[in-house]
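# Per-entry structural report
Now for the letters of each chain:
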Amino acid sequence: MLCFILIVGGLLIMMGQHDRSEALFYYFRLEDQVPETHLLRFIEKHISFAFVREKLKDSYSETGRPSIDPELLLRILLMGYLYGITSERKLIEELRMHLAWRWFTGLGFDQEIPHHSTFSKNRHGRFQESKVFEQLFEEIVARCLEAGLVQGDNLSVDGSFVEANASKESRIPREQMAEAAKVNRNVRQYLAELEEQNPSEEPVHEQDQVSTTDPDSTYATKGGTPARLGYYDNYLVDNQSCVIVGVQGTAARMSQETVAAQDMIARFAQWQGREPVSVVADATYGNGEFLQWLMERGITPYMRTRDSALRKNSLLYGPERFTYLPESNSYLCPAGEQLNYGGHSARNRTHVYIGTRKRCGTCPQKAQCTTAPIKYLAIHVHEPARQRARDLVNTAAFVDAQRKRKKVEALFAELKNQIGLRRLRLRRLRFVREQFFLAATAQNIKRLVRFLSRVPRPNTVTI
């Protein structure tokens, strides 16, 4: 340390100068540099990732050079989602400099950090074949149930549009795909998979135009935003704890949201051994088929029905003003006249009941009932389930449930703003799902370890 003595205006100033020369030896422990309240220390204390080696042991050869530890790769990937680093190149650069990250991965200063290309090689091989990211998510959910963090009684479901890593200018007509496959590897692989008809993947909604960059992506919009290529990330959330108990990546089609919701609810019910008490959603999910599916399982639906705008804005009598007569399979109108069964409309999924010219022509309430010569009443095949949902709308429980549903929107905001998944990095549905599973796992781990840190636990949560 050098010291300069300056005399300014009769005052003595002692100004030090730091010597930047390096010492030959240091006594340094990574363990001492990570605060006790650090998130990664909480994760290391409460969660073990040793299951990864057991899960992947059959994917490695018994001869040859030892591979990179798969648990190490998983820890590195998980940190990217915990701290919002979407680029694997950037993740490796940060790992070289971040002391807490090195400590969490177990990499000392004298150990080589994996190359970023290692993640891509394992993603297309062992990780994809073993579905290790999906299993990691499910194991964390199971631990949340075991720890008492998740009650599992009242759930919310919603989907969010996530932009694909492809521009709308990359779309070409489907009939030109065969020609494009001659020079485009992505298209060639996509067409080969379609030809194989792989049963492990559900069919993606066919479009007239397909992106040559990401053929699985869907050109769609949601929430009034301009149309883009993307996917839907669907969440099933426990209202009490805000833990994600189900995640599903699908094509960006509204019809896929209820399909994903049924799959997530069924799987979660299987995990906890019972059906949830209620499910909350917006009006997108309020179709007759989904409401019927919930009613058959005794699940209370807190969601508005998807009634047509014509019906909602009409001043004429709605179906609720008519009384069903099961003994004659007919309806009684508000004026006391009978409407007889007229058949089934498969296209609209309705049963049709029709009046007569004699009864409707002289009816004093015809102006309030119909503008046609006779009354034509269309009743949805699942109308009892739809009416059940309508009756719940005016209850205090419905208002409370819809208020709690806002937690799902907060999770999607965290996904896009903090985790950085506003635009996907990987392409193709199977790799997009990897990103969704890892992001949801990171969100759940934060809540689990903070809960366990507040509640004393005798043992480490091992998965």
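Here the residue numbers are simple positions, counted from 1 along each chain's written sequence. In keeping with the model being predicted, local features are shown solely for residues with a pLDDT of at least 70 and side-chain atom pairs are shown and tallied solely at 80 or more, while totals for entire chains, interfaces and linings include all residues. Side-chain metrics in this entry use all non-hydrogen atoms of the structure; hydrogen atoms and water are not considered.

With that settled, consider the nonpolar core. Side-chain atoms within 4.5 Å are what join buried Ala, Val, Leu, Ile, Met, Phe, Trp, Tyr and Cys residues into a set we call a nonpolar core. Accessible area is worked out with a 1.4 Å probe on protein chains only. A residue is then buried under 20% of its type maximum, exposed over 50%, and partly exposed in between. Within the largest apolar cluster, 88 residues are counted, with the highest numbers of intra-cluster contacts made by Leu40, Ile43, Phe49 and Tyr235. Only heavy atoms matter for contacts: two residues are in contact if any of them lie within 4.5 Å across the pair. When sequence neighbours within four positions are dropped, the list of residues in contact with Ile43 reads Phe49, Leu82, Phe104, Ile445 and Val449. Core analysis: the second largest hydrophobic core is formed by nine residues, Phe322, Tyr331, Leu339 and Tyr353 among them.

Let's shift gears to the pairing of strand 15 (residues 350-354). When DSSP finds two or more bridges between two strands, those strands count as paired. Put simply, DSSP marks the helices as runs of H or I at least four residues long and the strands as runs of E at least two long, and each gets a number from the N terminus on. As paired strands, strand 14 (residues 338-345) and strand 15 are joined by five bridges and run antiparallel to one another. Along strand 15, the bridge assignment pairs His344 with His351. Between the antiparallel neighbours strand 14 and strand 15 lie four residues, among them Arg349 with a positive phi of about 55°. Two strands pair when backbone bridges link them, and strand 15 and strand 16 (residues 376-380) are joined in this way by five bridges, in the antiparallel orientation.

Any two rings among Phe, Tyr and Trp, with Trp reduced to its six-membered ring, count as a pair given centres within 6.5 Å; such a pair is stacked if its planes are under 30 degrees apart, edge-to-face if over 60, and tilted if neither. By the definition in use, this model includes 11 aromatic pairs. Arranged with centres 6.5 Å apart and planes meeting at 65°, the rings of Tyr302 and Phe398 form a pair that is edge-to-face. Separated by 96 residues along the polypeptide, Tyr302 in strand 11 (residues 300-302) and Phe398 in helix 17 (residues 396-404) bring together distant segments of the chain. Judged by its relative accessible area of 14%, Tyr302 falls in the buried class. Following the ring pairs from residue to residue traces out a cluster consisting of Tyr324, Tyr331, Tyr341 and Tyr353. Each ring is checked for a lysine NZ or an arginine CZ that lies within 6 Å of its centre and within 35 degrees of its normal; such an atom marks a charge sitting over the ring. Positioned above the aromatic ring of Trp103, the side-chain terminus of Arg41 is 4.8 Å from the ring centre.

We now examine the pattern of salt bridges. By salt bridge we mean one thing: a side-chain nitrogen of Lys or Arg within 4 Å of a carboxyl oxygen of Asp or Glu. Taken as a whole and judged by the stated rule, the model has 23 salt bridges. With its nearest N and O atoms 3.9 Å apart, the salt bridge here joins Glu36 to Arg41. Arg41 sits in the buried class, given a relative accessible area of 9%. Across the pair Arg405 and Asp158 runs a salt bridge, and its minimum N-O distance is 3.7 Å. Remark: Asp158 occurs in strand 4 (residues 154-163) and Arg405 occurs in the loop between helix 17 and helix 18 (406-417); sequence separation between them is 247 residues. Judged by its relative accessible area of 7%, Arg405 is buried.

On the basis of which strands lie adjacent, the open sheet formed by five strands has the order 12-13-14-15-16 and antiparallel pairing. Both outer strands of the open sheet, strand 12 (323-325) and strand 16, are each paired with one neighbouring strand and no more. Between one strand axis and the next, the sheet turns by 35° as a mean value, whatever way the strands run. Working convention: axes come from line fits to C-alpha atoms, limited for helices to the stretch in contact. Angles between N-to-C directions cover 0 to 180 degrees.

Note on backbone geometry: most residues besides glycine have negative phi, and most peptide bonds are trans. Non-glycine residue Asn329 carries a positive phi angle of around 50°. Residue placement: Asn329 occurs in the loop between strand 12 and strand 13 (330-332). Under the relative-accessibility criterion, Asn329 is labelled partly exposed at 27%. You will see that Arg428, though not glycine, has its phi angle at about 80°, which is positive. With respect to the helices and strands, the residue Arg428 is situated in the loop between helix 18 and helix 19 (429-454).

Where helix 12 (residues 288-296) is concerned, the buried positions are Gly288, Phe290, Leu291, Gln292, Trp293 and Leu294. On its buried face, helix 12 sits against helix 11 (254-272), strand 10 (278-280), strand 11, strand 16 and helix 16 (383-393). Taken from the residues just after helix 12, Gly298 is the one with a positive phi, measuring 70°.

This part takes up the packing of helix 8 (residues 132-147) against helix 11. At a minimum axis separation of 11 Å, helix 8 and helix 11 run at an interaxial angle of 50°. In this view, helix 8 runs oblique relative to helix 11, as classed from their interaxial angle. Considering only the axes of helix 8 and helix 11, their crossing is right-handed. Two secondary-structure elements touch here, helix 8 through Glu134, Phe137, Glu138, Val141 and Leu145 and helix 11 through Arg267, Phe268, Trp271 and Gln272. Here the residues of the contact of helix 8 with helix 11 are counted per class, giving five nonpolar, one polar and three charged. Geometric relationships in this document are graded by angle, where less than 35 degrees denotes roughly parallel, more than 145 denotes roughly antiparallel, 65 to 115 denotes roughly perpendicular, and other angles denote oblique. Two helices crossing with the near one rotated counterclockwise from the far one by less than a right angle form a left-handed crossing, whereas a clockwise rotation gives a right-handed crossing. Gly falls in the polar group here, along with every residue not listed as nonpolar (Ala, Val, Leu, Ile, Met, Phe, Trp, Tyr, Cys, Pro) or charged (Asp, Glu, Lys, Arg).

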